[in-house]
Amino acid sequence: MVDQELLDAIGGMLEPLIKEQRDMRRDMQEMRGDIDALRRDQREMRDDLQSLKADVSLIPGMRRDIDLILESQQGINEKFAGLDMVTEDVAGLHIRVSALEGASRSHTEEIRELRLAK
């Protein structure tokens with residue numbers, strides 16, 4: 001019976017240790033899950049960083065393209081400025097042509113009247 005009492009006493013002493021060991025194993029499993037999640041996040045961050053580096057490497061070419069577009073736009077603006085001058089010239093010509101048409105009608109009328117008067 002003494003042996004049984006000793007075994008029960010040892011079992012009573014071991015129970016808290018076994019429970020603590022189980023708790024530690026559960027905590028370690030949770031930690032492993034957390035570590036795995038951190039590793040996945042780290043891989044995603046590496047992939048994102050690689051994508052970012054690739055995007056950043058495109059910036060000089062894009063800058064060159066933007067500069068070319070701006071130069072082209074400047075040329076277009078200059079052509080439009082020239083067209084504005086042509087439009088002003090055409091408007092001036094339109095006024096002169098209208099005046100000449102009026103004078104021509106007037107002269108035509110005077111000639112007709114002079115022919116009728118003869």
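That block above? That's the structure.
Residues numbered from 1 in each chain as written. Predicted model: local features only at pLDDT ≥ 70, side-chain atom pairs only at ≥ 80, totals over all residues. Heavy atoms only, no water.

## So, the overall build of the protein
The helix and strand inventory of the protein stands at one helix and zero strands. Relative to the compact-globule value of 13 Å for 118 residues, the protein shows a C-alpha radius of gyration of 49 Å, a clear excess of over 25%. Projected onto its principal axes, the C-alpha positions of the protein cover 165 × 30 × 10 Å. Per element, the accessible surface of the protein, about 11200 Å² overall, is 61% carbon and sulfur. Treating the 18 positive side-chain charges of the protein as one cloud and the 26 negative ones as another, the clouds have centres 8 Å apart. (Helix = DSSP H or I, 4+ residues; strand = E, 2+ residues; numbered from the N terminus. Rg over C-alpha atoms; globule rule 2.2 N^0.38 Å. Areas by Shrake-Rupley, 256 points an atom, 1.4 Å probe, with all protein chains shown as cover. Lys, Arg positive; Asp, Glu negative; His and termini not counted. Charge placed at Lys NZ, Arg CZ, Asp CG, Glu CD.)

## Topic: a nonpolar patch on the surface
A surface patch of nonpolar side chains, about 530 Å² in accessible area, is lined by Val2, Leu6, Ile10, Leu14, Leu17 and Ile18. Turning to its location among the elements, isoleucine 10 is positioned in helix H1 (residues 2-117). (Patch = residues over 30% accessible without salt bridge, like charges linked within 9 Å, V, L, I, M, F, W, Y side chains within 5 Å. Salt bridge = Lys/Arg side-chain N within 4 Å of Asp/Glu carboxyl O.)

## A look at the environment of arginine 96
Within the secondary structure layout, arginine 96 lies in helix H1. On a C-alpha basis, the gap between arginine 96 and aspartate 67 in space is 44 Å, while along the polypeptide they are 29 residues apart.

## A short note on the pattern of salt bridges
For the structure on display, the rule yields seven salt bridges. Notably, a salt bridge pairs aspartate 36 with arginine 39, separated by 3.9 Å at the nearest N-O pair. Of the two residues, aspartate 36 and arginine 39 are both situated in helix H1; the distance of three residues between them amounts to about one turn of the helix. Of the residues examined, arginine 39 reaches a relative accessible area of 48% and is grouped as partly exposed. The shortest N-O distance in the salt bridge between arginine 64 and aspartate 65 comes to 3.2 Å. (Buried < 20%, exposed > 50% of the residue type's maximum accessible area, 1.4 Å probe, protein only.)

## A word on a negative patch on the surface
On the surface, a cluster of negative charge is made up of Asp41, Glu44, Asp47 and Asp48. Here aspartate 41 lies in helix H1.

## Concerning the environment of isoleucine 66
Here isoleucine 66 is to be found in helix H1. For the pair isoleucine 66 and glutamate 78, spaced 12 residues apart in sequence, the C-alpha separation works out to 18 Å.

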